[in-house]
Amino acid sequence: MVQVSIIIPTYKDWHRLELCLKALADQSFSQNAFEIIVVNNYAHDTVPAGFFTPGNCTIITETNHGSYAARNAALKIAKGDILGFTDSDCVPDKDWIKNAVAYFTTHADITRIGGPLHIFFKGKGPTFTELFDMKYAFPQESYAKSGFAVTGNLFVKRVVFNTIGPFDETVESGGDYLWGQKAEAAGLKIAYSADVAVNHPARDSIKELYKKEKRVGKGQASFLPYQPGPKLTTFLNYLRHFKPNWIYVNDIWHNTPGTTKVQRLWLIHLQHFLAMVRYHHRLKHQIKKSNKK
């Protein structure tokens, strides 16, 4: 009997997905008690020859673009009473599923679990750019305290989807936040469990970090408030964001152990640059939306 359904969206990422599937094939939880549903979100792509697929894995294709559309497609065919979500670039710990099921069993009031995404590096130690991802990529424990968790590592009882519905497919980023806040408002409790862990590769280039912040900014434009005003006011508000956020400056300088002063200065500049990228793309798409009304 299938107890858990693991859902993984993927987009032209077969190499890293194979590592994820091998980790799932090595789970301490019985292979007969869970299924894996991989959703290929690139219609013109096909499964590579010789690709490793566990016996409990099904691969489907979703033509509607976006990871949330892909996840919703898997939800329609999932058999488990517990739904586990991760991404194709993640490598779950051996006890990932077992620990999630055990947590639900011992905490009957909890309907959602967010677990850590431990960052790993290409080399023996982090590069300057990988340091940023290590510090800021996935503050999952903090997210859980705010009522949501990223879908890179999330377990949900089916009753939650039955109560509040699927993910919002219209947003490119932030759909996990929106859905989580909806669940929180419905009184469906979330908890953070350090034992329900996956591993995630650090983004090792500024280009990758830039792409992420651009996507996040565009996603935020879909749900964060925006009040159109005079162009001069909008421009002056935009200029205010060029001022560094001293909360982050202080955090990096005093709470980044094991780093040199040069590394901390680099992190401060990179954090500010990426915050500007995110705000710029958020504002750009908010203005575009406002002009269409």
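Residues numbered from 1 in each chain as written. Predicted model: local features only at pLDDT ≥ 70, side-chain atom pairs only at ≥ 80, totals over all residues. Heavy atoms only, no water.

Trainee: Summarise the UniProt feature "domain: Glycosyltransferase 2-like" (unreviewed entry) in the protein chain; cite the residues concerned and give the values.
Mentor: UniProt annotation of "domain: Glycosyltransferase 2-like" (unreviewed entry) refers to residues 5-162 when read in the numbering used here. Taken end to end, residues 5-162 is 33% helix and 25% strand, and its first and last C-alpha atoms sit 15 Å apart. (UniProt positions renumbered as here; feature names shortened; annotations may be inferred. Helix = DSSP H or I, 4+ residues; strand = E, 2+ residues; numbered from the N terminus.)

Trainee: I'd love a proper account of the side chain of D176, names of residues and values included.
Mentor: Along the polypeptide, D176 turns up in helix α7 (residues 175-185). One buried charged residue, D176, forms no salt bridge at all, with the nearest opposite charge on R71 at 6.2 Å. Those residues in contact with D176 that sit more than four places away from it in its chain are Y68, F148, A149, V150 and T151. (Buried < 20%, exposed > 50% of the residue type's maximum accessible area, 1.4 Å probe, protein only. Lys, Arg positive; Asp, Glu negative; His and termini not counted. Salt bridge = Lys/Arg side-chain N within 4 Å of Asp/Glu carboxyl O. Contact = heavy atoms within 4.5 Å.)

Trainee: I'd like a description of the sheet that holds strand β7 (residues 117-120), backed by residues and values.
Mentor: Sheet architecture is open: three strands sit in the order β5-β10-β7, paired in mixed fashion. The strands lining the two open edges of the sheet, one partner per strand, are β5 (91-92) and β7. Note: β5 against strand β10 (residues 198-201), two bridges, orientation antiparallel. Paired with P92 across the two strands is V198, which belongs to β10. (Pairing = 2+ DSSP bridges.)

Trainee: Tell me about helix α8 (residues 206-220), and name the residues and values.
Mentor: Think of an α-helix as turning once every 3.6 residues; residues three or four places apart then point the same way. Look at α8: 21 Å from first C-alpha to last across 15 residues, which is about the 21 Å you get at 1.5 Å a residue. Regarding α8, the residues found buried are L209, K212, E213, V216, G217, G219 and Q220. Seen along its axis, α8 keeps its buried residues to an arc of 160 degrees; they face one direction. Considering only its buried residues, α8 is in contact with α4 (128-136) and α11 (261-292). (Expected span 1.5 Å × (residues − 1). Arc of directions from axis to C-beta.)

Trainee: Outline the nonpolar core, supporting the account with residue identities and numerical values.
Mentor: Grouped together as the largest cluster of nonpolar side chains are 31 residues, with contacts concentrated most on V4, I6, I8, L21, L24, I97 and F155. Residues A73, L75, F161 and I190 belong to the second largest nonpolar core, which totals 24 residues. (Core = buried A, V, L, I, M, F, W, Y, C linked by side-chain atoms within 4.5 Å.)

Trainee: Tell me about the sheet that holds strand β6 (residues 110-114), and name the residues and values.
Mentor: Spatial strand order, β3-β2-β1-β4-β8-β6-β9: seven strands in an open sheet with mixed pairing. At either margin of the open sheet sits one strand with a lone partner, and together these are β3 (57-61) and β9 (189-192). Averaged over all pairs of adjacent strands, the angle between their axes in this sheet comes to 20 degrees, without regard to strand direction. As defined by bridge partners, β6 adjoins β9 across four bridges and the pair is classed as parallel. Across the sheet, the residue bridging to G114 is Y192, located in β9. (Axes fitted to C-alpha atoms, helices over the stretch in contact; angles between N-to-C directions.)

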